[in-house]
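# Reading the structure
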Amino acid sequence: MQQPSIVSFGCYVMEEVSLSLCEQETADYGRPLAVLLETGLQSPDDGPVLDPDWPNVLRAELPFWNGCEQEDVCVPDLILHSHTDLMSAQQFCGSREGASWSLCSQQGAPQGSLHVVEAGRRRVVVFARLENQGENAYGASVQISTSSNLLFSSLIVKDQSDIQIECHSEDRLVNQRSCIISAPFMKSMSQVSFHLEFEFSRSVFLDHIRVLMATSSEGEDGFPDDNIKDIFLPLKYQTDLLFTRDPNPRRFQIKSSSSSGDQADTFNLTYNIQNSGVFPLPDVLFRAEIWAVTRGGNQLLNITDYSVLQAPGSHCSLPPIRSTNQVTAEDLTHLSQLNQSTGVIEVFHCRLNLPASSDVRLSLKGRLQLHALNTVSFRSLEVLTSASVQLEASSPMFLQEERPLRQIIVELRKDEDHIVSVWIVVGSSVGGLLLLGLLVLGLWKLGFFNRRRRQEEEEQPSTNGKAAEEL
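Now for a look at the structure at hand.

A separate point is the overall build of the chain. Along its length, the chain carries five helices and 28 strands. Buried residues in the chain amount to 34% of all 471 residues. Summarising the internal contacts of the chain: among those between residues at least 6 apart in sequence, 82% fall at separations of at least 24. Accessible area for the chain stands at about 29,300 Å²; split by element, carbon and sulfur atoms hold 51% of it.

Written out as structure tokens, the structure is:
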């Protein structure tokens, strides 16, 4: 018994179809397809033969209507709408929480295009809607590109739409995405809403964000001007900064026996600057004003060194060393404090770089000038130190207070041997005797002494009577 011959089928694909019809797939939905089917024996010399009356070639067409008035070309009308969830500067300043911030208290209203990134915000959402008000859009897609400070997180289709969106990107183009809209086509008069979520980059910091979206299809769009949406927003970042000082200022008792070099004549002025935000704070300007010099030119204390912890890349400058160290006698007993009205300023300043979620500790180390303190006359004197932090006007950040101030007072007291004058002792004694005499005279005038004598005389007879009865 002969084995049956194997009949093979050849598939011929016409009209430049990219996929074989043998797999029942095609990527061309806009043009009719012609199919040619030819049959034959694999080994015509061996085995059975085909009936010559049956045709071995079959030609068929798969008609397809693309839903467009012109079968060759569709004319869709894709319209793209988008906006972000960032708050504009006007909206921020109009809120109760934002009205007190320095951005809103500055002269002149914030620009209309300026937007605010609130403290603690880590991502931005773009709300988008794509409409097709024309004919069917075959191969519709949306190309998305962003600035380097935004990282693509997700795309979510809203409103339970049956339109699907799939996005992909190449590894080399981190800030670009290509999204396919509902293959094979987007129907006429349909729309889809979706959310794009982006995270702020931790390594790239810019004073703006940009999201560029462009939609297209295989057809010729009727109004291509509304196919592109370019979102460019200048930004101001709300900081989360806490500026505090050491709550326990130093107090010094100046003694005439004290000499320079003692450990007791040193002090520290300590400040803490805490950045709790998710972004670093570069170029924070720290300034300390120390009213340590009298109007007579006597320097009572000076800043000798400093230390900055947890702020790499920061730079500080000590007050310049005074050219003269001459000390002159000066009477300061009428002053209670050296400040901007009564003293001469010395300035210490720093440019700090605060990392995100960091706590920076800055200490100023100083020393009392005991020679000057022993020369000038005072009993109790306060030396005022006023420190502040601020950002440059060009900074994309803004503080709650434009220039917050923190004050530390160094209190000085002096022990002095006071010589009491002899005339003061004599005068005090004479005054005391006169006061005593006046008091005695007043009591005598009031009859105080006479009343006591009468009481003694009345008691005397009664005492004598008792003695007689006993006898």
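Let's shift gears to the packing of aromatic side chains. This model, assessed by the stated rule, comprises 14 aromatic pairs. Measuring from centroid to centroid gives 5.0 Å for Tyr 237 and Phe 279, while their planes differ by 70°, and the two rings are edge-to-face. In this pair, Tyr 237 is assigned in strand β16 (residues 228-238) and Phe 279 in the loop between β19 (266-275) and β20 (281-294), connecting sequence segments 42 residues apart. Exposure class is identical for Tyr 237 and Phe 279. Each is buried. With a centroid separation of 6.3 Å and 75° between ring planes, the pair formed by Phe 286 and Phe 348 is classed as edge-to-face. Taken together, the residues span a long stretch of sequence, with Phe 286 in strand β20 and Phe 348 in strand β24 (residues 343-354) at a distance of 62 residues.

The antiparallel open sheet is built from four strands, whose spatial order is β17-β19-β25-β21. The sheet is open, and its two borders are formed by β17 (241-245) and β21 (301-309), each paired with just one other strand. Strand after strand, the sheet turns through a mean of 15° between neighbouring axes, direction not considered. Inspection of the sheet shows β19 paired to strand β25 (residues 358-368) by ten bridges, in the antiparallel sense. Paired with Asn 272 across the strands is Arg 361, a residue of β25.

Let's shift gears to a nonpolar patch on the surface. A cluster of nonpolar side chains, namely Leu 436, Leu 439, Val 440 and Leu 443, defines an oily patch on the protein surface of about 330 Å² accessible area. Its relative accessible area of 30% is what places Leu 443 among the partly exposed residues.

In this section: the pattern of salt bridges. This model, assessed by the stated rule, comprises twelve salt bridges. For Arg 351, the salt bridge identified is with Asp 283, shortest N-O distance 3.9 Å. In this pair, Arg 351 sits in strand β24 while Asp 283 sits in strand β20, placing the two residues 68 residues apart along the sequence. What makes Arg 351 partly exposed here is its relative accessible area of 34%. Salt-bridge contacts for Arg 351 lead to Glu 392; the nearest nitrogen and oxygen are separated by 2.8 Å.

Bringing unusual backbone geometry into the picture now. One non-glycine residue, Met 189, lies in the positive phi region at around 60°. Here Met 189 lies in the loop between β13 (185-186) and β14 (190-200). For Met 189, a relative accessible area of 63% puts it in the exposed group. Located in the positive-phi region is Asp 283, a residue other than glycine, with phi close to 55°.

With that out of the way, let us pick up the nonpolar core. What tends to happen in soluble globular proteins is that the nonpolar side chains get buried as a cluster. Counting residues in each nonpolar core, the largest one holds 79 residues, and the members touching the most others are Leu 130, Met 186, Phe 200, Met 213, Phe 286, Phe 348 and Leu 368. Here this core gets seven residues from one element, more than from any other, and that element is β20. Residues contacting Phe 348, with those up to four places away along its chain left out, are Phe 286, Arg 287, Ala 288, Ile 290, Tyr 306, Cys 316, Ser 317, Leu 318, Pro 319, Leu 362 and Leu 364. With eight residues, the next largest nonpolar core counts Ala 89, Leu 103, Val 116 and Phe 398 among its residues.

Consecutive side chains along a regular strand alternate between the two faces of the sheet. Of all seven residues in strand β4 (residues 78-84), five are buried, a share of seventy percent or more. The sheet contact formed by β4 and strand β7 (residues 123-132) spans seven bridges and is antiparallel. Paired with Ile 79 across the strands is Glu 131, a residue of β7.

Attention now goes to the state of the cysteines. As enumerated under the stated definition, the model contains three disulfides in all. Linked covalently through their sulfurs, Cys 93 and Cys 104 form a disulfide whose S-S length is 2.1 Å. What sets the handedness of the Cys 93 and Cys 104 disulfide is the S-S torsion sign, and at about -85° it is left-handed. One end of the pair, Cys 93, is in helix α1 (residues 89-94); the other, Cys 104, is in helix α2 (residues 102-105), with eleven residues separating them in the sequence. Between the sulfur atoms of Cys 316 and its disulfide partner Cys 350 the distance amounts to 1.8 Å. Sign of the S-S torsion, about 115° for the bond between Cys 316 and Cys 350, identifies this disulfide as right-handed. Remark: Cys 350 occurs in strand β24 and Cys 316 occurs in strand β22 (residues 315-317); sequence separation between them is 34 residues. Exposure remark for Cys 350: the relative accessible area of 4% places this residue in the buried category.

Bringing the side chain of Asn 275 into the picture now. Structurally, Asn 275 can be placed in strand β19. Here Asn 275 falls in the buried class, since its relative accessible area comes to 2%. Excluding residues within four positions of it along the chain, Asn 275 makes contact with Asp 240, Pro 280, Leu 281, Leu 354, Pro 355, Ala 356, Ser 357 and Ser 358.

This part is about the environment of Leu 80. Residue placement: Leu 80 occurs in strand β4. Taking the C-alpha atoms as reference points, Leu 80 and Asp 225, separated by 145 residues in sequence, lie 9.9 Å from one another. Beyond its immediate sequence surroundings of up to four residues, Leu 80 is in contact with Arg 129, Leu 130, Met 213, Ala 214, Thr 215, Asp 226, Asn 227 and Lys 229.

Taken in spatial order, the four strands make up an open sheet running β4-β7-β14-β10, and their pairing is antiparallel. At either end of the open sheet lies a strand with only one pairing partner, and these are β4 and β10 (150-157). For this sheet, the mean inter-axis angle between neighbouring strands, taken without regard to orientation, is 20°. Where β10 and β14 come together, seven bridges link them in antiparallel fashion. What sits directly across from Leu 151, in β14, is Glu 199.

Here is what the cut-offs are and how they apply
- Think of each chain on its own: its residues are numbered from 1, step by step along the sequence as written.
- Per-residue local features of the predicted model are confined to residues with pLDDT of at least 70, and side-chain atom pairs are confined, for both listing and counting, to 80 or more; whole-chain, interface and lining totals are unaffected and use all residues.
- The basis for the side-chain values is all heavy atoms of the structure; hydrogens and waters are excluded.
- By definition, any uninterrupted DSSP run of H or I lasting at least four residues is a helix, any uninterrupted run of E lasting at least two residues is a strand, and each is numbered from the N terminus.
- Whether a residue is buried, partly exposed or exposed follows from its accessible area with a 1.4 Å probe, protein chains only, as a fraction of its type maximum: under 20%, in between, or over 50%, in that order.
- Whether two residues are in contact is decided by their heavy atoms: any pair within 4.5 Å suffices.
- Here the accessible surface of atoms and residues is derived via Shrake-Rupley with a 1.4 Å probe, and residues count as covered only by protein chains that are part of the display.
- Note on aromatic contacts: the rings of Phe and Tyr and the six-membered ring of Trp form a pair at centre separations within 6.5 Å, being stacked when their planes are under 30 degrees apart, edge-to-face when over 60 apart, and tilted otherwise.
- Pairing between strands is defined by DSSP: at least two bridges between the two strands are required.
- Note on method: axes are straight lines fitted to C-alpha atoms, helices fitted across the in-contact stretch only, with angles between N-to-C directions ranging 0 to 180 degrees.
- Two distance rules govern patches: like charges are joined within 9 Å, and nonpolar side chains (Val, Leu, Ile, Met, Phe, Trp, Tyr) within 5 Å, applied only to residues with over 30% relative accessible area and no salt bridge.
- In what follows, salt bridge is the name for a side-chain nitrogen of Lys or Arg lying within 4 Å of a carboxyl oxygen of Asp or Glu.
- Working definition of a nonpolar core: buried Ala, Val, Leu, Ile, Met, Phe, Trp, Tyr and Cys residues. They are joined through side-chain atoms within 4.5 Å.
- Two cysteine sulfurs form what is called a disulfide whenever their separation falls within 2.5 Å.

All we've got here are geometric facts, nothing functional implied.
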